[in-house]
Amino acid sequence: MPSYPAVRPVWFAVAAALFAAPLLADEPEFCVAGTVLNAVTGEPLHRAAVTIPQSAALTDAAGTFRFCQLSAGAYYANAEKPGFVASGSRVVVGPSREDLVLRLQPLSVITGKVVDEAGEPLQGVLVQLLSTLVADGRRKVRAESAVATDDRGEYRLAGVTAGRYFLRAAGWEGAAPDPDANEAFAPVYYGGATELASASPVTAEPGRDLQADFSVSLRAAYRIRGSITSFSPLLPAKIELLGVGGEPSGTPVTLDTATGAFQIDFVVPGSYILRATQGKGRERNRGELAQPVSADVKAVVVPLAGSVVVRGIVRVAASSEPASPSSPNCAIKLSPAEDWISAEDPLEASTEPSGEFAVEDVLPGRYRVGMDCASGYIAAARMGDADLLATGELRIAPGTAPPPIEAVLALDGGTVDVTASAEGDPGPAWVILLPASGSELRTRFARLASKLILSGVAPGDYQAYAWTGAPEAFEYANPDARQAWAGRAVSVHVGERDRQSITLKITAGETP
Amino acid sequence: MIALLVAGLMAALQAAGGQAAGGHGIGGVVVNAASGQPVAGARVTLASVDRRDQRLSVVSGDDGRFAFKGLPQGKYELSGQRRGLLAGKWTGAIVAGPGQNTDGILLRLSPPAIISGKVVDDAGEPVTLALVELLASRLIDGHRSLIEAASKRTDDTGGYRFSALPAGSYYLVVSGVPWYAKFNEMLGDAAPRSMTHTGYAIRYHPNVSDPGAAEPLILKAGQEATANFALIPVPAVSVYVHCEQGENLTKQYTLTTAGLPGNPVHVREGSETGDLYNLWDVPPGHYTLRAEATDGSHTWYGTNEFDVAAADTDVSVALHEAPSLSGMVVLETGGSLPAQLTVRLYGESGRSQALALDNGGRFSIPAIPPGRYRIELRGADEFYLKIWFAEGGRREGEMLNIPAGAAVRLNLSAAKGVGRISGTVNRDGQPLPGALVVLTPANRAMPSNSDGSYEFRGLAPGEYALFAVEDGADLEYANRAAIRPYLGSAKKVRVASGSSDNLKLDVAK
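The rules behind these values
Residues numbered from 1 in each chain as written. Chains lettered and ligands numbered in written order. Predicted model: local features only at pLDDT ≥ 70, side-chain atom pairs only at ≥ 80, totals over all residues. Heavy atoms only, no water. Helix = DSSP H or I, 4+ residues; strand = E, 2+ residues; numbered from the N terminus. Rg over C-alpha atoms; globule rule 2.2 N^0.38 Å. Buried < 20%, exposed > 50% of the residue type's maximum accessible area, 1.4 Å probe, protein only. Contact = heavy atoms within 4.5 Å. Areas by Shrake-Rupley, 256 points an atom, 1.4 Å probe, with all protein chains shown as cover. Lys, Arg positive; Asp, Glu negative; His and termini not counted. Charge placed at Lys NZ, Arg CZ, Asp CG, Glu CD. Disulfide = S-S within 2.5 Å. Core = buried A, V, L, I, M, F, W, Y, C linked by side-chain atoms within 4.5 Å. Salt bridge = Lys/Arg side-chain N within 4 Å of Asp/Glu carboxyl O. Polar contact = N/O pair within 3.5 Å; in protein donor to acceptor, adjacent residues only side chain to side chain. Nonpolar A, V, L, I, M, F, W, Y, C, P; charged D, E, K, R; others polar. Pairing = 2+ DSSP bridges. Arc of directions from axis to C-beta. 1 Å grid on protein atoms, 1.4 Å probe; cavity = no way out; pocket = protein on both sides within 12 Å on 5 of 7 lines; lining within 4 Å. Points joined across faces, edges and corners; volume = space filled by probe spheres on them. Phe/Tyr/Trp six-rings, centres within 6.5 Å; stacked < 30°, edge-to-face > 60°. Axes fitted to C-alpha atoms, helices over the stretch in contact; angles between N-to-C directions.

Asker: Please give an account of the overall build of chain A that cites residues and values.
Answerer: Summing up its helical and strand segments, chain A has three helices and 43 strands in all. Rg of the C-alpha trace for chain A: 30 Å, well past the compact-globule value of 24 Å for 512 residues, more than 25% over. For chain A, the C-alpha atoms occupy an extent of roughly 90 × 75 × 50 Å along the three principal directions. Within the span of chain A, comprising 512 residues, buried residues form 44% of the whole. Looking at chain A alone, contacts between residues at least 24 apart form 67% of all its contacts between residues at least 6 apart. Working note: accessible area of chain A is about 24,600 Å², and carbon and sulfur atoms make up 52% of it.

Asker: An account of the overall build of chain B is requested, with residue identities and associated values reported.
Answerer: Counting secondary structure elements, chain B contains four helices and 44 strands. Here chain B, with 509 residues, has 47% of them falling under the buried criterion. Across chain B, the fraction of contacts at a sequence separation of at least 24, relative to all contacts at a separation of at least 6, is 66%. A total of about 24,200 Å² of accessible surface is found on chain B, and carbon and sulfur atoms cover 50% of it. Separation of charge centres in chain B, based on 46 positive and 51 negative side chains, amounts to 10 Å.

Asker: Before we move on, can you summarise the state of the cysteines with the specific residues and values?
Answerer: Residues and elements named next belong to chain A. Scanning the entire structure with this criterion turns up two disulfides over all chains. Disulfide pairing places C31 opposite C68 at an S-S distance of 1.9 Å. On the S-S bond that ties C31 to C68, the torsion sits near 110°, and the link is right-handed. Here C31, found in strand β1 (residues 30–38), pairs with C68, found in strand β4 (residues 64–70); they are 37 residues apart in sequence, far enough to count as distant.

Asker: An account of the nonpolar core is requested, with residue identities and associated values reported.
Answerer: Core analysis: the largest hydrophobic core is formed by 42 residues, its most contacted members being I110, L167, I224, F262 and L274 of chain A. Residue contacts for L274 of chain A: discarding those within four places in its chain leaves I224, I239, E240, L241, F262, I264, G287, E288, L289, Q291, V300 and V302 of chain A. Within the second largest apolar cluster, 30 residues are counted, among which are L146, Y287, A291 and A293 of chain B.

Asker: Just give me the short version of the interface of chain A and chain B, but keep the residues and values in it.
Answerer: With 29 residues of chain A in contact, the opposing surface of chain B contributes 25 residues. One can count nine salt bridges joining chain A with chain B. Taken together, the connections running from chain A to chain B amount to eight residue pairs in polar contact (both at pLDDT 80 or more). The set of elements that each furnish at least two residues to the side of chain A that touches chain B consists of β2 (49–52), β3 (55–58) and β11 (154–160) of chain A. With four residues, β3 of chain A is the single largest residue contributor to the side of chain A that touches chain B. Of the residues assigned to the side of chain A that touches chain B, the class counts are 13 nonpolar, five polar and 11 charged.

Asker: Requested: an account of the sheet that holds strand β24 (residues 285–294) of chain B, with residues and values cited.
Answerer: Residue and element names in this part refer to chain B. On the basis of which strands lie adjacent, the open sheet formed by five strands has the order β22-β21-β24-β25-β27 and antiparallel pairing. At either end of the open sheet lies a strand with only one pairing partner, and these are β22 (263–272) and β27 (320–321). Bridge count between strand β25 (residues 299–308) and β27: two bridges; the pairing is antiparallel. Looking at β27, one finds that W300 is bridged to E321.

Asker: Got a sec to walk through helix α4 (residues 480–487) of chain B? Specific residues and values, please.
Answerer: For an α-helix, the turn length of 3.6 residues means that residues three or four places apart are oriented alike. All names here are of chain B. Those residues of α4 not exposed but buried are I483, Y486 and L487. All buried residues of α4 fall inside an arc of 100° around its axis, so they share one side. Turned more than 90 degrees away from the buried face of α4, the exposed residues are R484 and P485. Of the surrounding elements, those touching the buried residues of α4 are β39 (436–440), β42 (462–469) and β43 (491–495).

Asker: Give a detailed account of the pairing of strand β10 (residues 138–148) of chain A, specifying residues and quantitative values.
Answerer: Residue and element names in this part refer to chain A. Taken together, the 10 bridges between strand β9 (residues 125–135) and β10 define a ladder with antiparallel strand orientation. Along β10, the bridge assignment pairs A135 with R138. Hairpin connection from β9 to β10: two residues lie between these consecutive antiparallel strands, with D136 at a positive phi of about 50°.

Asker: Lay out the pairing of strand β34 (residues 393–396) of chain A with the relevant residues and their values.
Answerer: Residue and element names in this part refer to chain A. Here β34 shows one buried face, formed by L394 and I396, and one open face, formed by E393 and R395. Note: strand β31 (residues 365–373) against β34, four bridges, orientation antiparallel. The residue of β34 that forms the bridge with G365 is I396.

Asker: How would you summarise empty space enclosed by the protein if you had to cite specific residues and measurements?
Answerer: A water-sized probe, rolled over the atoms, reveals where empty space remains. Residue and element names in this part refer to chain A. All told, the structure shown has one cavity of 30 Å³ or more when counted by the stated rule. Elements represented by at least two residues in the lining of the largest cavity include exactly β12 (163–172) and β22 (261–267). No other element matches β12, which puts three residues into the lining of the largest cavity. Residues belonging to the lining of the largest cavity are distributed by class as follows: 11 nonpolar, four polar and no charged.

Asker: Before we move on, could you go through the packing of aromatic side chains and cite the residues and values that matter?
Answerer: Residues and elements named next belong to chain A. Under the counting rule described, the total for this entry stands at 20 aromatic pairs over all chains. With a centroid separation of 6.0 Å and 70° between ring planes, the pair formed by Y190 and F214 is classed as edge-to-face. Taken together, the positions of Y190 in the loop between β14 (188–189) and β15 (202–204) and F214 in strand β17 (residues 214–215) put the pair 24 residues apart, joining distant regions of the chain. Given the relative accessible area of 5%, F214 is considered buried. Between Y465 and W485 the ring centres are 6.4 Å apart and the planes differ by 50°, which places this aromatic pair in the tilted class. Taken as a pair, Y465 in strand β40 (residues 460–468) and W485 in the loop between α3 (479–484) and β41 (490–494) lie far apart in primary sequence, 20 residues in all. Overall, Y465 belongs to the buried group, its relative accessible area being 3%. Three or more aromatic residues joined by ring pairs make a cluster, and in this case those are W430, F445, Y465, W467, F474, Y476 and W485.

Asker: Give a description of the environment of A74 of chain A that names residues and reports values.
Answerer: All names here are of chain A. Here A74 is to be found in strand β5 (residues 73–80). Residues A74 and G94 lie 20 residues apart in sequence; the distance between their C-alpha atoms is 9.0 Å. In this view, A74 contacts R90, V91 and V92; residues no more than four positions away in its chain are not counted.

Asker: Could you give an account of the sheet that holds strand β33 (residues 383–391) of chain B, naming the residues involved and the relevant values?
Answerer: Residues and elements named next belong to chain B. Strands sit in the order β31-β28-β36-β33 across an open sheet of four strands; the sheet is mixed. On the outer flanks of this sheet lie β31 (362–365) and β33, each paired with one strand and no other. Pairs of neighbouring strands in the sheet enclose a mean axial angle of 20°, with direction left out of account. Where strand β28 (residues 324–331) and strand β36 (residues 407–416) come together, eight bridges link them in parallel fashion. Each bridged residue has a counterpart across the sheet, and for S324 the counterpart in β36 is A407.

Asker: Go over the environment of E338 of chain A, please, and point to the residues and values.
Answerer: Residue and element names in this part refer to chain A. By secondary structure assignment, the location of E338 is in the loop between β28 (330–336) and β29 (347–350). E338 sits in the buried class, given a relative accessible area of 8%. Considered as a pair, E338 and V188 are 150 residues apart in the sequence and their alpha carbons are 19 Å apart. Setting aside anything within four residues of it in sequence, one finds E338 in contact with K140, G245, G246, R275 and E288.

Taken by themselves, the reported measurements are silent on function.
See the structure below:
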């Protein structure tokens, strides 16, 4: 480093610019300057924070920012401001860039009012913002956030990312306004539907505020009192009142962590699941109970039980050829069967060389079963009396070791050659073979490049679909979704050890 | 609308005999306290004073009227609530019985007052997640004090709203951190100090920075007030907290600064296991830092007061093992204590701590912050603290000083007062309901009942003064200065053990 003064005088940069050629190639002398704009209105954004590596600045009232004394090179400039989606851009300096424009998409705001039948505002009503996603071919609901109405019955959900949502008014925050009245309302979706299937979605667009009002009917509500047994005093625990699809009821719950006694108020008549959970990780205990409510429930007892190990074995079918592998190679997955996404992760296990497997830490409840084997198809799968091939679902009862899963792997499946027909490069695509028998254990799902070979396909009739975009775009377990996609299905019959070829037209993943 | 009798009251009615056919009635009108208009659809609840679990409820009619019939003779409490109005109580008890005129009761329900507003920064941009604290001036046990009534975080528009407020006097305190100050942690000194070393000065209504210049918002029932604030960014520095004790212990830190009387403002909170903790973006000022750590069986406390100026500041805090406190309450005359009796310690910070007694009257708490405390017996009016002494702590007048690390043993002797004073309050020769009857120096007060009657039980022997004030809801009756104007015309009474006095009072003019 030449012996320049420690504080470099400004004239040096000016001089360098005059000579139009830097004296030293790595001397930091470049600038990045630009403007941050609202992407929808085009207005400049004041006090947006712009960062480049190792520096930051706030924009002025004209939305402009400037970083100088930069060495030549590539930088990433990022801009953010509350109420907007952060966004950035790669910028190469050397020479300086003076015209960088960073556009930020505004987040949406959803507001509305909740009134009773007489049009009077209701305070403390919880309004949930719900998004949906598809897992295992089923639409699942996720609660993104929830707010309570104020004394005017008004709510405000700010910072909503653009997308499709459902809104649901369910239960009270803390307690209902009049604790003696014991009135409540049945949860209702925006638009008046009581079920998600018939609810109207709302679409949040950048910078556009949405209004969604609710009218609810107050009616007599009841109280559930009870206790959790096998309860460990003072260990964190919770009790939830869920609808039969796993949806939260929003009812205020009080739990005495010393005794396990609980009380749930403002329960409207209906069918519910009472779920108690205590402890963390492997030490968790759970109790679950179907609870119809048509009057006060006085002394319900929810017994807690620990997790169990679901054991099983996959045997290779006897009729297979001697040369075929005798050891199955299967991945077993249990995922919660409810429509509402809980915090539970799917539980997974793999087969041992003997074919045995053990899924650990399974809490009581309903699960969907997935069995994915490398070399064949599931010819039979039972758990006690339950035929998993027919239902795809199993129930773990509290307090007892479940019977083992017994499955048979057949290696006499056929092969399907899939060819994609698309103009240009469609990007990543997905293919699914849906068995006409409805047995989801035999569904085949894979990523499709231009060609794909699916082997070990169970003999039978299938409908094949292909699409681009999100792998979960196709809600294949829903008959309506299959109906909507019927036009793009290709039928194929697979026989034992035979080989079929199909050509699938790849179309965009959105439901038409 | 007519209430149906609950089974318990029916039984009581039959036990009372005689009046079974008619019983007594309590009725009247629910009105809006602000407009005077009748309130329809209010839930009106009547509870027996002696047996509060026995309650009757009716809903007021379209004309606001309500009526309870067939009641046994006795004292009742009347309350009402309706959505959109604050719950309300009739002041005093209603005495139902022969010759009592109890069918013209006016039950007033107040519309809620509301305070709302917006918090912006110096550029007029909304400040999101600013903390707005609402302090209410309330009478507690006859003392006026400022208590935190509610707190809210501002929304994305900088807006906040407090609803369901009773009429009264309120203060607002607003604090916050600029959202962009987070870049301090990410970038340190690489970013301009104006961006990263910035805090907001605390603001008080009416948008002032000096707590001495804070003014109350005085709200009438149903009044809506607006209070807007501008938070001004000021240069702020880092405070490096050094705590070299308690390795592997998580220290909880709380940084406060003096705010309104008795209500220090929480500036930062955080926890750290290591020996250095950085409090970001602290504006200049005078602060108190408190540290607390626990390992499950022992607790440590530490505190340090310091000034922050224009440069980053290092402060150290030493942890001291928390004092423990145990003791016993015995009844002077022997015998068992009432189950609801508790020992209450009032700290100088305004916080109080209730200690439950076991069957033997023993109490203990493994850790209590060091400091000066006032000791009281609560939960049963007729029991009072007669004598106390402490081992391991210092008695300073009526206060107990608990030093750090001490194991304090407290011996309390309780006595049961058996004196009684009762009577009626009159105005112009007529019984006056709802007047405040004050008994001093016991610091006890009660409203007169529907027939003007009042009664104090469980009084310790001694000299008392007694007076009644017609509109006494706001009287700070435990404050000598506030009641001095009434003492001249107060009735003096000497209570002896087991004595019973009957005194007619005229309301003080």
